Every structure is written in C-alpha cells, then in structure tokens.
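# Tertiary structure, described
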Amino acid sequence: MSSSPLPTASAKRFPDDFVWGVATSAFQIEGAHDADGKGPSIWDSFCRQPGVIADGSSGDVACDHYARWEQDLDMIRDLGVQAYRFSVSWPRVRPTGDGDWNEAGLAFYERLIDGLLARGLKPYLTLNHWDLPQALQDIGGWGNRATVERFVEYAVGIAKRLGHKVVSIATHNEPWVVAQLGHETGVFAPGLKDRRLAAQVSHHLLLSHGLAVTAMRELQLKASLGIVLNMAPMYPATDSDADRAKARLEDGKLRRWYMDPLFNGHYPQDVIEHLGDDAPYVEAGDMDRIRVPIDFVGINYYSRGMASADNSFDPKTSGLELTDMGWEVYPQGLTDLLVSVHRDYPAAKRLYVTENGGAFRDPVGADGRVHDADRTRYLDTHIAAVGDAIAQGVPMGGYMVWSLMDNFEWASGYEKRFGIVHVDYATLRRTPKDSALAYRDFVLQRRAARQG
C-alpha cells in the first residue's frame, strides 16, 4: 500500500540527524498483567474500581504486545522510522518495587531491545510511565519520600542491565499527570484528591529524577539522560488583565513548576504563593539534587491551553477542529511552545517532541483500510510546526508520533484511538491507517533526500 507523504511538513527543513519515531507505553499495550511474575501496578488496581474507566475495561490484555512484540517491531521497522520510544513496567521487573528482581521481566525487555537493534531501530527507554508498583502505593506511593529511593534503585538496576543498549533514558513521563490527575483531581490512578499531597508528589517525582540521573551518570552510560514533560502554551481567552493573570498562573502550574526546578533550582514564586499551606515540604539540598545537568527534555504536546479568569472558555465555541478528546487542533501552539521553552530555558540544550498526535473516530472501511484524513492532517501540520520552530533556532532532536497503535487510553479505556495503526480489540489484528502510510512515506522521503 502506498500513500502521499505529508505535504506541508515535506516543505520544511529538518537537521540531518533529526530522529523520527513512534511511541507507546507499557501499561497501554503490553497486557499480560500477571504473567511471568509481574506484580500489580496502581493502574491494575485502579481499573478494578467501579466507574473510573469509561468503558469498564482494563489493561489486562490491551494490545497483547507482551506476546506479539516481534510482530510489532516488524511493523515499526516497516514504517521506516529510526526510533521507538517505550516504557519499562516497574512491577514487571521488580514486582513489589523493592526486593527481588524478576528475571523473566528483565529478559522480556532485553529481547525487545535486542529486537529493535536487530531491525536497525534506536531504543528510547522511559523508566516511569505511571505504573507504580501497588506494593509501594500501599505504603504511601509517591507521597512517601522513601519511594524516591526505591525509584533510584530501580533506575540503576535497569541502567545496569539495559542502559548500554539504548540511546536514551527518560526518568519520568509527564509528572504533572501523576501529581495532578492522580493525586489532586483523582481521575487517574491512584485516584486520590488532595492538593497538598499532589504538590508533595510533584516534588518527590522531581527529586527522584535528579537523584536517578546522578546515579546513572556514575555508570558512565553512552545513553542520553533526561525527562519527559507534558506542556501547552497558555493563552488568555481575552485581553483582560484577569485573563492574562490566569494564563500566567496556569503556565506556572504546568510548565514553570517543572522547568524552573530542573534548570533554575527553585519553584516559581507565584505558584508557591498560590498553593499557600499546600506548597510541598522541601528538605535542604533538594533543589540542588533536582537541578542536575541533563541531555534533553522531551515535550508532549496535544493542544493549546486557554485561560479565562471565570473558567468560561469552551473549546466548542472556538471554531477550531476538535479531536475526539474534545481538544482543539492548534499546531501553531507547538511552535509557540518550543520557541518559548528555548527562550526561557536556554540550558535545555536538546528538545524532543516525544508525544504528539490526535484521537479521532476512524473505523475500518469497506475496503479494509482506515482512511483517517483528520489524523493525517494533524500530523502534517504539527510536524510542520516543529520545522517552524527549528527555523527560529530551537535545538530539536526528534519527533515521536503518539501513538504507534490504538491502545488502552487510561480513564477513557478503549473508547479513544490515538494510533496510526488500528487495533481490532476482538482479534488484536493490526491495520496501518492512512496516517501511518503517509508518515512512512514522509520519513522515507526525508531519508532519501539526506542520502541524496
């Protein structure tokens, strides 16, 4: 099957060493929730609470990637990309979060990485994509400072076993989600609703990042080390002073709360004042432990943020196309975000778009194909937006589509499809969508131009 490469993106310039890839996470695709010694994660437990997952589903089977990984790696290779971003399931390799390691789990990831290398693909490993071992949650989870030390042990153990085979290790994926959605609003695992706890969790996540990077540096790995953050540019809904102030605060809570400690060694004062008594407890020396040199920042972008003091902004009234998540399609926001991060944090010497994509309703057609023109257009315009940022001097290292295939979409269950490959959940058959073919042809076009 053939398609046309992404037209708008094709007109942009990208560095010769720019990496094109696809991304997934362990809990969303692996299944095998209790196979070969794997322990339960907080998401295994959360899915068993009535009413928290939209369709009442779980990650027990998901895409069955644990059994079908070779087929999936062939699929990635056939897309022509250079890189695969994936995560390790902490409870699969160390079921209780400490104590004995599970050799069967470690061996799975070793086979996966060896399979990537054999296919000429670069492994981009993420240590924590939200699936904390339930045993650690039972003693306080990320709210317990002891979990910081358990994470450092986990990071070192994985780095010793696998770090010499991968090109990149990210400590955490989207700590904002873990803290805010998991511990303040409670819509994600572990389902707690406590603003003070959420702030403390965010600090412990950042602290564990810094300590883990320091410990992994001592292993003298060739892999680049960094972190992945979800971000969105915050625009005021109107020109009023109140809306501009709200946009500034929301930027502080989402972007500066994580980037300021990582690169400036402190939390933003306006957010500290906003939190008041709920601000996290910070021990002496913690900020120095967080502010350690890193090789990259991964940025996950899906849509812009619009701030109104009275919370009256409704995306449905913006006139922009909306994804199936109800998010605006706004590629200019990605350019604005990347430019602002580079401007405000010049010490972030390499940026990657580690997730970008859209959920759309895209059934298999009568011809057996999935004609997802909306997703194809989304990828085209957002990749072009990265090209515009590069033209403005932003040091970009790569772009990863979220996601490789339809999967368990957290609280939405299997109702939302982000994949460029369709998954029939009854048969688990994989079918590349038109967006996958267009992305493949775009990447192959770039490769041919570089070789030429």
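Residues numbered from 1 in each chain as written. Predicted model: local features only at pLDDT ≥ 70, side-chain atom pairs only at ≥ 80, totals over all residues. Heavy atoms only, no water.

### Description of the sheet that holds strand β3 (residues 122-128)
Using the following cut-off: One requirement defines pairing of two strands: DSSP has to find at least two bridges between them. Only DSSP runs of H or I covering at least 4 residues are called helices, and only runs of E covering at least 2 are called strands; the numbering of each starts at the N terminus. With axes taken as lines fitted to C-alpha atoms, and helix axes fitted only over the stretch in contact, angles between N-to-C directions fall between 0 and 180 degrees. We call two residues contacting when some pair of their heavy atoms lies within 4.5 Å.
Around the barrel, 8 strands lie side by side as β1-β2-β3-β4-β5-β7-β9-β10; this closed barrel has parallel pairing. Across the sheet, the axes of successive neighbouring strands diverge by a mean angle of 25 degrees, strand direction being ignored. Bridge analysis of strand β5 (residues 224-230) against strand β7 (residues 296-300) gives 5 bridges, and the strand direction is parallel. Residue pairing across strands places V228 opposite G298, the latter belonging to β7. Contacts from helix α14 (residues 332-344) reach β7, β9 (351-355) and β10 (396-402), with the element oriented near 140 degrees to β9. Across the sheet, helix α16 (residues 434-451) is in contact with β1 (19-23) and β10; its angle to β1 comes to roughly 160 degrees.

### Observations regarding the environment of M325
The line we're drawing: Burial here depends on accessible area, computed with a 1.4 Å probe over protein chains only, as a share of the maximum for the residue type. Under 20% is buried, over 50% is exposed, and the range in between is partly exposed.
With respect to the helices, strands and loops of the structure, M325 is situated in the loop between β8 (305-307) and α14. Look at M325 and you get partly exposed, because its relative accessible area is 24%. Aside from chain neighbours lying at most four places away, what touches M325 is A359, S412, K416 and F418.

### A closer look at the pairing of strand β12 (residues 429-432)
Taken together, the 4 bridges between strand β11 (residues 421-424) and β12 define a ladder with antiparallel strand orientation. Bridged to V423 within β12 is R430. The hairpin formed by β11 and β12 contains 4 residues between the paired strands, and L428 there has a positive phi angle of roughly 65 degrees.

Read these as spatial facts, not as claims about activity.
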